[in-house]
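# Architecture at a glance
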Amino acid sequence: MSTENQEAQEDELLALSSIYPEDEFRRADTAPGGEIQVCLELPPNFRISIKSNSSSNTMAESFENTVSFLPPIVLNFEFPPGYPSTTCPIFTLSCKWLSPEQLTLMCQRLDDLWEENRGSVVLFAWMQFLKEETLEYLNIKSPYEVQFTNKGTHTLKHPDEEASLCIVAATPEEEAVDRRAIQDVQSVYDLIRHILDFDESQQKKCFDSKPFLCNICFSEKLGSECTYFKDCGHVYCDSCLRDYFAIQIRDGQVRSLNCPEPKCTSVATPAQVKKLVGEELFGRYDRLLLKSTLEMMTDVVYCPRLSCQTPVMQEPGGTMEFTEPTLEDPDPGNYLGIV
């Protein structure tokens, strides 16, 4: 490797490390290369559905959802000794929701960008294309239908030094799919799970980093210090909600843990209550909520003994029968029956 190439490679890696956060760009520890993860900015109310070419994946036929984020496009690359003076980076391009055919088109575009910039570093141009032009280049619009084909995964290829161009010939059996193009999921179930999990985690990440005004204390706090009511979209700070919920639970008003917004009927989820009030108060909330639910059920009766009070389902038209416990079996719950 020439000194000029080595210096250009190191300068490019250092520059990208300073521009992009670690979750977008990460250089390899050993070889001159790394990984680029590109999350696209989707239009509002972007709908996605999934269709599989396998008859065994019937659950995909009905999957459709609105998402704000999709899993990243991942570019793994390695610098050959001749980069950037004569040869381009060796790379694979993978994505969970783009088909191998779509990724093949993307690989060809990266090849073209290298040809246009031959002799110069090219990773920044590649990243800009992936981030800003992917949707338009592939003509992806909402609603978008994912084409899933399980053709396995591939690894980064090391062509000979003399033939280390980016273009890799595809066989007719592969239907001209580039060997560098990888749809890295093994089943439709995995694909759906990855899409939903990633969308949820990224939405939480965005929420946590934004400031919100609490209409109770009128303080502005980051989303990481707030609670979001999904049904209505209202946001209040955790400190105010913690005090509000604690008072309600101590007063036995477990069915009044609503969003504090006037006339709003959104109810806090048990997970939100537990996060805010802690284990002890949540235990009381859980018990009172169960008791309140049972009391609303007309077919539930209780053992009349104060030391028992076991709830039992009563059949329509049935009556309650109670037998006094004996020394051999003193548990009163065993003597309560419905006849």
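First things first, this report covers the structure right here in the doc. Remember, it's a predicted structure, so these values are computed and weren't measured experimentally.

Calculation criteria
Residues numbered from 1 in each chain as written. Predicted model: local features only at pLDDT ≥ 70, side-chain atom pairs only at ≥ 80, totals over all residues. Heavy atoms only, no water. Helix = DSSP H or I, 4+ residues; strand = E, 2+ residues; numbered from the N terminus. Buried < 20%, exposed > 50% of the residue type's maximum accessible area, 1.4 Å probe, protein only. Contact = heavy atoms within 4.5 Å. Areas by Shrake-Rupley, 256 points an atom, 1.4 Å probe, with all protein chains shown as cover. Pairing = 2+ DSSP bridges. Axes fitted to C-alpha atoms, helices over the stretch in contact; angles between N-to-C directions. Core = buried A, V, L, I, M, F, W, Y, C linked by side-chain atoms within 4.5 Å. Salt bridge = Lys/Arg side-chain N within 4 Å of Asp/Glu carboxyl O. Parallel < 35°, antiparallel > 145°, perpendicular 65-115°, else oblique. Left-handed = near helix turned anticlockwise from the far one by under 90°. Nonpolar A, V, L, I, M, F, W, Y, C, P; charged D, E, K, R; others polar. Expected span 1.5 Å × (residues − 1). Polar contact = N/O pair within 3.5 Å; in protein donor to acceptor, adjacent residues only side chain to side chain. Disulfide = S-S within 2.5 Å.

When helices and strands are counted, the protein shows 6 helices and 16 strands. A total of 339 residues make up the protein; the buried ones form 38% of that total. Excluding contacts between residues fewer than 6 apart, the proportion of contacts in the protein whose partners are at least 24 apart in sequence is 59%. Carbon and sulfur atoms make up 51% of the accessible area of the protein, which totals about 19,500 Å².

The strands that make up a sheet pair up through hydrogen bonds in the backbone, lying either parallel or antiparallel. Pairing in this open sheet of 5 strands is mixed, and the strands run β1-β2-β5-β6-β8 from one edge to the other. Of all strands in the sheet, those with a lone pairing partner are β1 (25-27) and β8 (181-182), marking the two edges. Here 3 bridges tie β1 to strand β2 (residues 33-38), and the two strands are oriented antiparallel to one another. Residue F25 lies in a different strand from β2, and its bridge partner there is I36. Seen against the sheet, helix α2 (residues 100-116) touches β5 (73-78), β6 (90-94) and β8 and runs at an angle of roughly 145° to β6.

This paragraph deals with the nonpolar core. The biggest cluster of nonpolar side chains holds 50 residues, and the ones touching the most others in it are L93, W97, L98 and W126. Residues contacting W126, with those up to four places away along its chain left out, are L75, P89, F91, L110, L113 and W114. Counting 23 residues, the second largest nonpolar core, distinct from the first, contains C214, Y236, L241 and Y285.

Moving on to the pattern of salt bridges. Going through the model one piece at a time under the given rule, you end up with 14 salt bridges. A salt bridge links K274 to E279; the nearest nitrogen and oxygen atoms lie 3.7 Å apart. Look at the salt bridges and you will find they share partners, linking D111, D178 and R180 into a network.

Turning our eyes to something else, we now look at the packing of α2 against helix α3 (residues 123-137). It is the contact of α2 with α3, at a shortest axis distance of 11 Å, that shows an interaxial angle of 135°. With respect to each other, α2 and α3 are oriented oblique. Crossing hand, α2 versus α3: right-handed. The residues of α3 that touch α2, namely those facing L105, M106, R109, L110, L113 and W114, are A125, W126, F129, L130, T134 and Y137. Residues of the contact of α2 with α3, tallied by class, amount to 10 nonpolar, 1 polar and 1 charged.

A few words on helix α5 (residues 238-250). With 13 residues, α5 extends 18 Å between its outermost C-alpha atoms, agreeing within 8% with the 18 Å of an ideal straight helix rising 1.5 Å per residue. G252 sits one or two positions beyond α5 and adopts a positive phi of about 80°.

This part takes up the environment of E261. Secondary-structure assignment places E261 in the loop between α5 and α6 (270-295). Distance in space between the C-alpha atoms of E261 and Y236 is 9.2 Å, their sequence separation being 25 residues. The residues contacting E261, other than those within four sequence positions of it, are N215, H234 and Y236. Within the structure, the side chain of E261 is placed 2.5 Å from the side chain of Y236, a separation counted as a polar contact.

Examined against the element boundaries, S266 turns out to sit in the loop between α5 and α6. Judged by relative accessible area, which is 7%, S266 ranks as buried. A distance of 3.4 Å separates a polar side-chain atom of S266 from the backbone nitrogen of C232. Not counting residues up to four positions away in its chain, the partners in contact with S266 are F229, D231, C232, N258 and C259.

Looking now at the state of the cysteines. Going through the model one piece at a time under the given rule, you end up with 0 disulfides. Between C39, a free cysteine, and C95, which holds the nearest cysteine sulfur, the sulfur-to-sulfur gap is 9.7 Å. As a non-bridged cysteine, C232 has C264 as the owner of its nearest cysteine sulfur, 3.6 Å distant.

Structural measurements only, silent on function.
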